[in-house]
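Listed below, chain by chain, are the residues.
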Amino acid sequence: MSSPGGAGPTRDEAERLDWLRRSDVLDSDEEREFDDIVALAARLCEVPISTITLVDEGRQWFKASVGLDVRETPRAIAFCAHAIQGSAPLMVPDALLDARFVDNPLVTGDPHLRFYAGFPLSPGGGATVGTLTVMDRVPRRLDAEQVSTMTALAYQAAALLELRLRLRRIRDGEATLILAQLQLEAQVEDRSRQLERTNARLVEAERLYRSLWETTTDAVLILDEGSHIRYANPGAEAMFGHAVGDLVGQPLALIQPERLRAAHVAAMQAYLRTGERRVSWRGVETVGLHATGAEVPLEISFSQIEIHGRLQFVGFIRDISERKRALAALLDERERAQSTLRSIGDGVITTDVDGRIVSLNPMAERLIGWTQAEAASRPAHVVLELLDEQGARRLPPLEQWAAERGDGPLPFPPGTLLQPRHGPPVSVEGSLARLTGADARPIGWVVALRDVSQARRLAAQVEFQATHDELTGLVNRSEFDRRLRAVLDDGRARAAGSSLLYLDLDQFKIVNDTCGHIAGDELLKQLAGLLALQLDSGDTLARLGGDEFGVLMRERSADDALRVARSLLEAVGLFVFTWQDQRFATGISIGHVHFSGDGLTATDILSRADEACYVAKDLGRNRIHSYQPGDELQARRHGEMRWVGLIREALEQDRFVLHGQPIVRVAAAAEPPQHVEVLLRMRAHDGSLIPPMDFLPAAERYDLMPRIDRWVVRAAIAAAAEAVADDAARPAPLVAINLSGATLCDAGFAPFVRAELARAGVPASRVCFEITETAAIANLTSAVRLINELKALGCRFSLDDFGSGLSSFAYLKHLPVDLLKIDGVFVRTMASDPVDRAMVASINEIGHVMGLETIAEFVENDAILAELRAIGVDYAQGYALGAPQPLAEVLAGAPARIAVPAAR
């Protein structure tokens, strides 16, 4: 620490002290123009203390001050003694950190100064006689805007000091002061001609005065005691819009707004009576009146002089429009900036060049939990605590970031967390950027940050939803495929081998149809949790479809995978699902595939696992089947998969063909058929017809029947419409179309039928839909719903293969059908087997009791037809009555022709 002491004499000490003596400013009275400057400086810099300080041989004396109770201090301890040593401002951000002032009594004692900024005052551009200062009792720095404003105010204060010296010279009559006064020469010259004749030196002075008088942009007026204008310079003409000749002799009221005139006259009269000023005559802001009627903001200073023994008043008037506009713009800009910072949704923090907090906007205060007052001057890394993505490590302080930054803003690392003063960490995004002053030198840093916790939660939720099943929370099909491909792309995993299980619930449809989809969803959720309990943390359990699940076991042996599969089979087998008052046993079929570096794709593996799962189902369900190359059951399954491709191709290329078989009245078999059952064939690439039993099992197993059924409905209705158009006089037979069990559950099928009937113009009463007894029972709720919807349109329904089930009669009363087709297994032998004949008779009787018409299938000879006639069956269908033919021919009434029987 250095001992307190002031700086030595300045290089221009003699010139400086000479100016102070000549100006007679030391120990002078207070003057408002100087008081206003220090008040404005304190307000703009937001400090409690501001002074205009003049330094003589042994002291610093305060011409004007805000926030200090003393008028002078010894020069030895004066900060200003250092400030006047150079032409640049002296900045002391923290006196306790500056060796020159650390022991200074003004720092260690009252007023306990910590911050000092002194701006040199050099009147007329000469020696530095003092400073305009701002001081504070806490450390701080001025920003670039404040430095610029203080420099301008110091210039104004120096100009006022110079003006004061010039005015003193005018009052004392010193010719040397003429060069510095505010252009008084021209009018003074007119009043000073007699003096010029007696004083040769004043001739040159008059010339200099005239030059100043005529060239200054300020207005200079000389008024008499009655406030009439005696003299005016050209500056007054430019300022007020009146020619000089028009101003002279006029009352001052000519250039005053009407509202100010009375007050001016009263004040002037009071002064002339008493000699006491009621208001300051120096640096007064007011407004003048331009010749156009517009008001002009002015700053006026008046001095009292005597010319030829008569009292005169000299007014120095400056147009401060630009200054007002600049100040207003500065204040507006400052307010806009502060309003913007207050209103934006991002937190904004500024620091000085040393990384200490300067300001926080309200959002920053809310985010970090510190107020502006609490955070001010603290190191930024104390207030702004940033953590890594895991919240386990603090990120480097801003100063270190600054050393690493480039030219542009430096963004926060991804996943940055903010640890607020209170509460848990929050996710933030932000950036750090340099602040520079007017001279492009760094003056600090600005940090912008925003809370993105909700956005990151939403992103995580969206990512989770994109990769997980909404119902069970398990991994979904696409994510399962991605993880499977990742295993295949991993060389170590390929070398070690991995396993995949394909799980399909048994009898899930029973729960859905009996208790509804809400119960089915609950069953899936419970089973998902049960299955997850049997797996290791490294295994992936996914929901692949409606009631299908997959398990991917990375780098697990086949034996280990089968052990897990057995535990899954056992857990599901012991599980009993309860819904309301009903209990359901559950089962599961599992297909297993072990794979390693054998060149298989993800699609190959899933296909093999799917095939193995369906083999497990075909073998009796609730069991495990491992894929083995050359497995006969899997080969058959693979053959079905080949049919899937052919079926899809036939649908796309429209290579299905419709045939029809007549259904005739038993009592009048020779009459034209009343009904025609629509039968389906597929045309091969070579043109041959493929019977339905070759491809329909694959279509049913792989959910292609709804598409096929829709193709058949559209084509059959179109054929019926064409037949009616060809022979309008002939009654069109009832077209009977078979529907699969999958279509019974299709909620969009009824609207589809309605649209097709409307498009073709075929009455709904000419369409009958056939559903098998087993399909109807398996989908009872859906079947009843669809039957009611289509019957409301006018369609009819036939229950096919009736009698094949053990509970046929129990379910029949729940199905609102119109026709009952007796299962052909009883019909084909009824002429030789009394039991089968009795079954046919019973079914026929039950049907008639319920108001249904009956149809007997597989009528292959006249003996069967005779028995049916005897029993009273309504309709018959079979080769004895007509073989299947192209549908258009049957609808056109072509005679039956013998054909090779083909199963439907």
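Rules used throughout
- Residues numbered from 1 in each chain as written.
- Predicted model: local features only at pLDDT ≥ 70, side-chain atom pairs only at ≥ 80, totals over all residues.
- Heavy atoms only, no water.
- Helix = DSSP H or I, 4+ residues; strand = E, 2+ residues; numbered from the N terminus.
- Buried < 20%, exposed > 50% of the residue type's maximum accessible area, 1.4 Å probe, protein only.
- Areas by Shrake-Rupley, 256 points an atom, 1.4 Å probe, with all protein chains shown as cover.
- Contact = heavy atoms within 4.5 Å.
- Pairing = 2+ DSSP bridges.
- Axes fitted to C-alpha atoms, helices over the stretch in contact; angles between N-to-C directions.
- Core = buried A, V, L, I, M, F, W, Y, C linked by side-chain atoms within 4.5 Å.
- Salt bridge = Lys/Arg side-chain N within 4 Å of Asp/Glu carboxyl O.

A.B. asks: Account for the overall build of the chain, with residues named and values stated.
C.D. replies: For the chain, the count of helices and strands is 35 helices and 35 strands. Scored against the burial criterion, the 904 residues of the chain give a buried share of 47%. For the chain, the exposed surface amounts to about 42,800 Å²; the carbon and sulfur share of it is 52%.

A.B. asks: Quick rundown of the environment of Trp711? Include the residues and the values.
C.D. replies: Here Trp711 shows up in helix H26 (residues 705-726). What makes Trp711 buried here is its relative accessible area of 16%. If sequence neighbours within four positions are ignored, Trp711 has contacts with Leu651, Asp654, Phe656, Val657, Leu658 and Leu680.

A.B. asks: Now, about the sheet that holds strand E24 (residues 587-595): what can you tell me, with residues and values included?
C.D. replies: Read from one edge of the open sheet, five strands run E20-E21-E19-E24-E25, paired in mixed fashion. The open sheet has two edge strands, strand E20 (540-543) and strand E25 (624-626), and neither has a second partner. Along the sheet, successive strands turn relative to each other by an average axial angle of 20°, direction set aside. In the sheet, strand E19 (residues 498-506) pairs with strand E21 (residues 548-553) via six bridges, with the strands oriented antiparallel. Across the sheet, the residue bridging to Leu500 is Leu552, located in E21. Helix H23 (residues 602-618) contacts E19, E21, E24 and E25 of the sheet and is inclined by roughly 140° relative to E24.

A.B. asks: Requested: an account of the sheet that holds strand E1 (residues 49-55), with residues and values cited.
C.D. replies: What the six strands build is an open sheet, ordered E3-E2-E1-E6-E5-E4; its pairing is antiparallel. Pairing within the sheet leaves two strands with one partner each, and these edge strands are strand E3 (72-74) and strand E4 (90-92). Between one strand axis and the next, the sheet turns by 25° as a mean value, whatever way the strands run.

A.B. asks: Mind laying out the nonpolar core, listing which residues take part and the relevant values?
C.D. replies: Judged by nonpolar contacts, the single largest core of 78 residues is most densely connected at Ile647, Phe656, Phe769 and Leu868. When sequence neighbours within four positions are dropped, the list of residues in contact with Phe656 reads Ile647, Ala650, Leu651, Leu680, Arg681, Met682, Phe695, Ile708 and Trp711. Val25, Val47, Met150 and Ala157 belong to the second-largest nonpolar core, a separate cluster that totals 33 residues.

A.B. asks: Please provide a residue-by-residue account of the pattern of salt bridges, values included.
C.D. replies: Taken as a whole, this structure holds 51 salt bridges when the rule is applied. Of the charged contacts, one joins Glu13 and Arg16 as a salt bridge, the two residues approaching to 3.0 Å between their closest N and O atoms. Placement of the pair is Glu13 and Arg16 together in helix H1 (residues 13-23), with a separation of three residues, close to one helical turn. A single burial state applies to Glu13 and to Arg16, both of which are buried. Ionic pairing is found between Arg759 and Glu756, a salt bridge with its closest N-O pair at 2.5 Å. In this pair, Arg759 and Glu756 both sit in helix H28 (residues 749-760), three residues apart, roughly one turn of the helix. By relative accessible area, Arg759 is classed as exposed at 55%. Exposure remark for Glu756: the relative accessible area of 8% places this residue in the buried category. Three or more residues joined by partner-sharing salt bridges are found here, namely Asp536, Asp539, Arg556, Asp560 and Arg563.

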